[in-house]
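Examination of the molecular architecture
So the chains spell out like this:
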Amino acid sequence: MTDLINLDHYALAEAQSLLAKYSDTPQRVLLDQASALAREGHGSSISFSRKVFIPLTQLCRDTCGYCTFAKTPKRLKAAYLSPGEVLTLAKQGEAAGCTEALFTLGDKPELRYETARKALAELGYSSTHDYLEAMCALVMEKTTLLPHVNAGVMTEEEIGRFRRVSVSQGIMLESISSRLCAPGGAHYGSPDKDPVVRMRMIEAAGRQKVPFTSGILIGIGENRLERIQSLLLLRDLHRLYGHIQEVIVQNFRAKPATRFSSKEEPDLDDLIWTAAVARLILGPDMNIQVPPNLSYAEFPELLRAGINDWGGVSPVTVDHVNPEAAWPAIAKLRAETAQAGFSLVPRLAAYPGFVDSNWLSADILRRASKLIDSCGFVREDEWSPGSLEPIPTPAMSIGSARAFDRTVHQAMTGERLNEHEIAGLFGARDSAVEEIVAAADELRARVSGQVVRYVVNRNINYTNVCIYRCSFCAFSKGKSHEQLRGKPYDISLGEVARRVREAWNRGATEVCMQGGINPHYTGRTYLDLVRAVKDEVPEMHVHAFSPLEITQGASTLGISVARFLGMLRDAGLGSLPGTAAEILDDDVRKVICADKVNTAEWLSVVRTAHECGLPTTSTIMFGHVEQPISWARHLLALRDLQSDTGGITEFVALPFVHMEAPMSLRGQARKGPTWREVRLMHAIARLTLHPLITNIQASWVKVGPEGAKALLRGGANDLGGTLMNESISRAAGTQHGQELDPASLERIICDVGRVPLQRTTLYKSAPAAQRERSFEAMPLTDLVLDPFSGRRKGQNGAAEIEIGRIA
């Protein structure tokens, strides 16, 4: 493309063919086709960016016939906003909930005005772009806003520099028509509006892997054929580089005191036709934006044209490019969008799909990750799992979406959904969330009744020494982690026995034992741990060892997983926790736990356990780097396994606690799932796993008592265990404590109008004597954490040499 000297004949034959086709198609049909494509690519979401507009300078060397943004030096108090003024605007935007700092400015004014050159010299910069780069850096240093740079034509070197201080960049193509640059044309006297120059900049942005915004401006003298040619050029540039994140279809509005003040504006039908054609040309996945403020009260009509974005809307500043056209209030935008059957979703300046390491510098990605949810949109609230922040109140729903009725009905009848249907459910917003949650709770009542169960148990994490380096784990220790996460330990079998006896005396019926993958452990270690429990309290149920520990134990003994599981069972193991699953999608596992068992290996160990007569739980750890499609794959893997074996007792959703997780400290993960996502995970698990896994557990240690109550109203029927000494989530930063006694758990259950029942690990009623003890329990005594010495200690604390292999 770069050898073209003008674009007037670009894709001319294809454009002529498309113009004839679209001109012969009734507009109603055209709109239906465009809307269907938009819904295929974007569901019922209509996005927007909450922004603050920072007009760094309104001086410009160009003289477009329709523009009132550009001003001469005599009409401005100062050539440039000062750093203080920039920061004041940015902080106002941050306080109003904005995530985008939109830097829009005139094109290279220093090439035209001495005033601009002098002002830049006084500020200490040689060019407008140098000053802009510094202001972007200042905004990022002092606020959480992410800059979007709309600075006119830039060189490829400048684009690369701005990639370090902005989340996205843009330039409007406007039109491929060179006629507009001739005398009397909209772009006459504007060298930066040469369509070839602008095309080359868009190409350069593609080579630099910059999330890029472009678009067309209609009604400035171009014709419909040229509009289609312009859209085809943008399509082809995107096919080459994949970097065009949105295409704007913007309508010209006549402004007083311009050369085009008396020019006729395109009407709403013309705008809607062009937006629909843009969707048909660019396909279902492209983001198509039409600014709502330029259509005034008629803006809701634009939703018929297959758009999926309203663009930037500021609660703080005016649209300095179109100051006569006020942005609709966000509340009105949300209401009108909902009235049309869609959900308004805030986004960053960079769209979902571009918030990753392929498109953003490491520093920008670290900042962006703190702001987004699993779909790449802006988080709806400040709540995070493990925090003491109150759980958010669901936003008042406007209307009824009913977008997922068919999918929900299929699930409630026990039909297996596919991964795309499940991922679609996770994209629900607003009223659709409430409808999914209500359906899940209805199904819960049908399957589980009004009883909510819990187990009195004790967690025994026997070592925190681990050879693995899972990027989400704040529990495991090693020599290099003492300062970061505390000292490594390896408790004695005597301490294990003491904790088991104490737990039994406090009413427990289960000990849950897990730990790091200690390089000094063999399969014999795990057998000794089981025996230590059963020797001390034969009646205690031993729920222990993740599939990763089982794999390690079998490997060290040189025997099969099946044989090792049989040995553990015969020694007294009663069931396995379905932990170490994290996300059963190997693309995600390569990022968060690359050296751990893969999906097939995890499923194989659990399947083998079931075949050996050992039931397991199942878990998911969600809200870090993965997306809803991975959640769907995970749930289906569990459902399919359960269909074969029937050995899963319950599903436990474990929201990622980010505070102390290594990948969070490095800025490589989100802040855990949002509250909406937590609610949906429990509700969709209820629906997706029906009728095969009937117990859906809420983790009070992750979401707190109030969160647990809400989840019991949304598909969950189990509160897990009292825990006694929960330490893994606590190491990650949760503030909800390490034990919740039976009285507290039963209050939670009764507060939601349900019936509490203390259970065993395998969902039988707890023995009456143990239940009575659990309500009379004495406080826990202090733990003994033996320092790690590389050798296991026996019942009396004396060092034991590990037995090696079993023939």
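To be clear, the structure that these remarks concern was listed above.
The present account deals with the structure reproduced in this document. (Residues numbered from 1 in each chain as written. Predicted model: local features only at pLDDT ≥ 70, side-chain atom pairs only at ≥ 80, totals over all residues. Heavy atoms only, no water.)

Structural notes on the packing of helix H7 (residues 195–207) against helix H8 (residues 224–241)
Look at H7 against H8: their axes get within 9 Å of each other, and the N-to-C directions meet at 20°. With respect to each other, H7 and H8 are oriented roughly parallel. As H7 runs across H8, the sense of the crossing is right-handed. Here H7 contributes Met199, Ile202, Glu203, Gly206 and Arg207 to the contact with H8, which in turn contributes Leu233, Leu234, Leu237 and Tyr241. (Axes fitted to C-alpha atoms, helices over the stretch in contact; angles between N-to-C directions. Helix = DSSP H or I, 4+ residues; strand = E, 2+ residues; numbered from the N terminus. Parallel < 35°, antiparallel > 145°, perpendicular 65-115°, else oblique. Left-handed = near helix turned anticlockwise from the far one by under 90°. Contact = heavy atoms within 4.5 Å.)

Describing the pairing of strand E3 (residues 146–150)
Here E3 lies mainly inside the structure; 4 of its 5 residues are buried. In the sheet, strand E2 (residues 100–104) pairs with E3 via 5 bridges, with the strands oriented parallel. Each residue of the ladder has a partner; that of phenylalanine 103, found in E3, is valine 149. The sheet contact formed by E3 and strand E4 (residues 168–170) spans 2 bridges and is parallel. Paired with valine 149 across the two strands is glutamine 169, which belongs to E4. For the segment spanning E3, helix H6 (residues 156–162) and E4, crossover handedness is right-handed. (Buried < 20%, exposed > 50% of the residue type's maximum accessible area, 1.4 Å probe, protein only. Pairing = 2+ DSSP bridges. Right-handed = clockwise from strand over helix to strand, strands pointing away.)

A word on the pattern of salt bridges
Per the stated rule, a full pass over the model turns up 54 salt bridges. Linking aspartate 751 and lysine 709 is a salt bridge whose minimum nitrogen-to-oxygen distance equals 2.8 Å. Of the two residues, aspartate 751 is situated in helix H27 (residues 742–751) and lysine 709 in helix H25 (residues 700–712); the sequence distance between them amounts to 42 residues. What makes aspartate 751 partly exposed here is its relative accessible area of 49%. For glutamate 746, the salt bridge identified is with arginine 771, shortest N-O distance 2.8 Å. With a gap of 25 residues between them, glutamate 746 in helix H27 and arginine 771 in helix H28 (residues 768–774) connect regions that are remote in the sequence. (Salt bridge = Lys/Arg side-chain N within 4 Å of Asp/Glu carboxyl O.)

Some details on the packing of helix H22 (residues 628–645) against helix H24 (residues 675–689)
Axes are the key here: two packed helices are described by the angle between their axes and the distance separating the axes. Running from N to C, H22 and H24 point in directions that differ by 35°, and their axes come no closer than 10 Å. Note on packing geometry: the crossing formed by H22 with H24 is right-handed. Here Trp631, Leu635, Leu638 and Arg639 of H22 come into contact with H24, specifically with Glu677, Met681, Ile684, Ala685, Thr688 and Leu689. In terms of residue class, the contact of H22 with H24 is built from 7 nonpolar, 1 polar and 2 charged. (Nonpolar A, V, L, I, M, F, W, Y, C, P; charged D, E, K, R; others polar.)

Some points on the sheet that holds strand E13 (residues 541–544)
With parallel pairing, the 4 strands of this open sheet are ordered in space as E11-E12-E13-E14. Of all strands in the sheet, those with a lone pairing partner are strand E11 (457–461) and strand E14 (573–575), marking the two edges. Looking at each pair of strands side by side, their axes are set apart by 40° on average, direction ignored. Pairing geometry for E13 and E14, over 2 bridges, is parallel. The partner of histidine 543 across the bridge, within E14, is serine 575. The strands that helix H16 (residues 493–505) touches are E11 and strand E12 (510–514); relative to E11, the one it contacts most, it runs at about 170°. Where helix H17 (residues 523–536) meets the sheet, it contacts E12, E13 and E14, and its direction lies at approximately 160° from that of E12.

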